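As a plain string of letters, each chain reads:
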Amino acid sequence: MNKTEFITVAGFAISLLFHMTQTEVCPPSCNCKSLGEMKGLHIDCSSRKLTEVPALPVNTKRLYLQNNSLTSVPPGALDSLLSLEEVKIFDNPWNCDCHILYLKLWLEDVSAPSPANIRCATPAPVRMKPLRQLTGNELGICKRLLPIKCLEFFWRDLILIAGAIITLILVAWALKVSKKLVCQINLSQ
């Protein structure tokens, strides 16, 4: 085995090891059970007094986070759970301000029935209100509700629209000038 082949095999082994650890590792504060070969994991992190969502394996099928001390979920924390079929996150003291927006939208996207069971603990005006019933007015004044990428698309689109309008104006002006020139040429003949 030459040096190049050794490096290739070593790189493949390291990437395979990294992939296995990334998808197979159970969070230390949780109990995990395999749901069978290639079927995913059942992750039970309930009643652990967690204050934040632990790093979760991507092959999580069932996730139980109920009865903890979770107040919010950081944006993107649950996006890698593409094979998730069941999630339970009720009985947590959810702080229903701008930071809860990610969780609300994520639950709506995955069509989880659990938003009915998720209730706000704070602030006082929305205490005990179901998360799914929250409106934008109740979330308070948020400095940035739209992700940065949405704002980038807004500015890109605005520039494209302005460019298209300027182009149309220039084309219209060019047509008008060319029409005058054609009329002058015809008159002079």
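Residues numbered from 1 in each chain as written. Predicted model: local features only at pLDDT ≥ 70, side-chain atom pairs only at ≥ 80, totals over all residues. Heavy atoms only, no water.

K.L.:
Help me understand the sheet that holds strand β4 (residues 86–88), please; the structure alone is not making it clear to me.
P.N.:
Spatially, β1-β2-β3-β4 is the arrangement adopted by the 4 strands of the open sheet, whose pairing is mixed. With partners counted over all chains shown, the strands left at the sheet margins are β1 (31–34) and β4, one partner each. Recorded for the sheet is a direction-independent mean angle of 15° between the axes of neighbouring strands. Pairing of β1 with strand β2 (residues 41–44), which is carried by 4 bridges, proceeds in the antiparallel orientation. Its bridge partner lying in β2, Cys 32 is registered against Ile 43. (Pairing = 2+ DSSP bridges. Helix = DSSP H or I, 4+ residues; strand = E, 2+ residues; numbered from the N terminus. Axes fitted to C-alpha atoms, helices over the stretch in contact; angles between N-to-C directions.)

K.L.:
I would appreciate a short explanation of empty space enclosed by the protein in the present structure.
P.N.:
Rolled over the atoms, a probe sized like a water molecule indicates the empty space that remains. A full pass over the atoms with the stated rule returns 1 cavity of 30 Å³ or more. Of the volumes computed, that of the largest cavity is approximately 30 Å³. Taken together, Leu 63, Leu 65, Val 73, Leu 78, Val 87, Ile 89, Leu 103 and Trp 106 make up the lining of the largest cavity. Considered class by class, the residues forming the lining of the largest cavity number 8 nonpolar, no polar and no charged. (1 Å grid on protein atoms, 1.4 Å probe; cavity = no way out; pocket = protein on both sides within 12 Å on 5 of 7 lines; lining within 4 Å. Points joined across faces, edges and corners; volume = space filled by probe spheres on them. Nonpolar A, V, L, I, M, F, W, Y, C, P; charged D, E, K, R; others polar.)

K.L.:
Sorry, what's going on with unusual backbone geometry here?
P.N.:
Backbone phi values are negative for most residues with the exception of glycine, while trans is the configuration of most peptide bonds. A cis amide bond links Thr 122 with the next residue in sequence, Pro 123, at an omega value of -10°. You can see Pro 123 is positioned in the loop between β6 (120–122) and α3 (148–188). With a phi close to 55°, Ser 47 is a non-glycine residue in the positive phi region. By secondary structure assignment, the location of Ser 47 is in the loop between β2 and β3 (60–64). Ser 47 sits in the partly exposed class, given a relative accessible area of 45%. Located in the positive-phi region is Asn 67, a residue other than glycine, with phi close to 60°. Mapping Asn 67 onto the fold places it in the loop between β3 and β4. (Buried < 20%, exposed > 50% of the residue type's maximum accessible area, 1.4 Å probe, protein only.)

K.L.:
Sorry if this is basic, but what is going on with the environment of Ser 80 here?
P.N.:
Relative to the helices and strands, Ser 80 is located in the loop between β3 and β4. Exposure remark for Ser 80: the relative accessible area of 36% places this residue in the partly exposed category.

K.L.:
Even after reading the chapter, I still don't get the side chain of Asn 68, so can you show me in this structure?
P.N.:
Here Asn 68 lies in the loop between β3 and β4. Relative accessible area serves as the criterion here: at 7%, Asn 68 is assigned to the buried category. At 3.0 Å, the side chain of Asn 68 forms a polar contact with the backbone nitrogen of Leu 50. Not counting chain neighbours up to four residues away, the residues in contact with Asn 68 comprise Cys 45, Ser 46, Ser 47, Arg 48, Lys 49, Leu 50, Asp 91, Asn 92 and Pro 93. (Polar contact = N/O pair within 3.5 Å; in protein donor to acceptor, adjacent residues only side chain to side chain. Contact = heavy atoms within 4.5 Å.)

K.L.:
What's the story with the state of the cysteines in this structure? I'm lost.
P.N.:
All told, the structure shown has 3 disulfides when counted by the stated rule. Covalent S-S linkage joins Cys 30 and Cys 45, the inter-sulfur distance amounting to 1.8 Å. Taking the torsion about the sulfur-sulfur bond, which here is approximately 105°, the covalent link between Cys 30 and Cys 45 counts as right-handed. Residue Cys 30 is found in the loop between α1 (3–24) and β1, and its partner Cys 45 is found in the loop between β2 and β3; the two are separated by 15 residues along the sequence. By relative accessible area, which is 0% here, Cys 45 ends up buried. One disulfide bridge connects Cys 96 with Cys 120, the sulfur atoms lying 2.0 Å from each other. Taking the sign of the S-S torsion, about -95° here, the bridge from Cys 96 to Cys 120 comes out left-handed. (Disulfide = S-S within 2.5 Å.)

K.L.:
For this particular structure, what's the right way to read the side chain of Gln 66?
P.N.:
Positionally, Gln 66 belongs in the loop between β3 and β4. Residue Gln 66 is classed as buried on the basis of its relative accessible area, which comes to 15%. Leave out the neighbours within four places in its chain, and Gln 66 touches Ser 46, Ser 47, Lys 88, Ile 89, Phe 90, Asp 91 and Asn 92.

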